[in-house]
Amino acid sequence: MDLTPSYNSRVQPEPTRLAPVGLFNGEALTLWRLRRATARIFCFVAEWPGAYWLAVECAGGELLASETLPSLEAVMTRSDETRSAWLRQGWIEE
């Protein structure tokens, strides 16, 4: 009895499928930018599996605030709250 595997030329490999990239097409989305004197900060959102990551960074890349939220509605609410807090501290919109 021959147990050597045989190759079936009629079997085609499945084509590779691109992983879904989500609502933002795999990119972070900037929600707002603020400045004060020579300093600049910006708020962005990135999509995570089943959630969204909201962050505020300075122009040098230092992370000032970070939060994971369950929905876009929660992201927009928190983003507005955060922006308002920075504006009350004297930052202005770009």
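Residues numbered from 1 in each chain as written. Predicted model: local features only at pLDDT ≥ 70, side-chain atom pairs only at ≥ 80, totals over all residues. Heavy atoms only, no water.

Undergrad: Can you walk me through the pairing of strand β1 (residues 29–36) in this structure?
TA: Remember that side chains alternate between the two faces of the sheet whenever the strand is regular. Relative to strand β2 (residues 39–48), β1 runs antiparallel, the two being bridged by seven bridges. When the bridges of β2 are listed, Arg36 appears paired with Ala39. Taken together, β1 and the strand that follows it, β2, pair antiparallel across an intervening segment of two residues, in which Ala37 is found at a positive phi of about 55°. Bridging between β1 and strand β5 (residues 92–93) involves two bridges; their strand directions are antiparallel. Opposite Arg35, over in β5, you have Ile92 as the bridge partner. (Pairing = 2+ DSSP bridges. Helix = DSSP H or I, 4+ residues; strand = E, 2+ residues; numbered from the N terminus.)

Undergrad: It is not clear to me how the confidence of the model for the chain should be interpreted in this structure. Could you clarify?
TA: Parts of the prediction with low pLDDT should not have their coordinates interpreted in detail. For the chain, the average pLDDT comes to 83, and 72% of its residues sit at 70 or higher. This stretch, residues 15–19, has a pLDDT under 50; its non-local contacts, to residues over four places away or in other chains, come to zero contacts. (pLDDT = per-residue confidence, 0-100. Contact = heavy atoms within 4.5 Å.)

Undergrad: When you look at the nonpolar core in this model, what are you seeing that I'm missing?
TA: A general tendency of soluble globular proteins is for nonpolar side chains to be buried together. Among the nonpolar cores identified, the biggest contains 13 residues, and Trp32, Leu34, Ile41, Leu54, Val56, Val75 and Trp86 are the most heavily contacted of them. Broken down by secondary-structure element, the contributors of at least two residues to this core are β1, β2, β3 (51–58) and α1 (72–88). Those residues in contact with Trp86 that lie beyond four places of it in its chain are Trp32, Leu34, Ile41, Val56, Leu64 and Trp91. (Core = buried A, V, L, I, M, F, W, Y, C linked by side-chain atoms within 4.5 Å. Buried < 20%, exposed > 50% of the residue type's maximum accessible area, 1.4 Å probe, protein only.)

Undergrad: So what exactly am I meant to see when it comes to the pattern of salt bridges here?
TA: Side chains that carry opposite charge are capable of pairing whenever their charged atoms lie near each other. All chains considered together, the criterion is met by five salt bridges. A salt bridge links Arg78 to Glu81, with the nearest nitrogen and oxygen atoms 3.2 Å apart. With Arg78 and Glu81 both in helix α1 and three residues apart, the pair spans about one turn of that helix. Residue classification places Arg78 among the partly exposed residues on the basis of a relative accessible area of 33%. By relative accessible area, which is 42% here, Glu81 ends up partly exposed. (Salt bridge = Lys/Arg side-chain N within 4 Å of Asp/Glu carboxyl O.)

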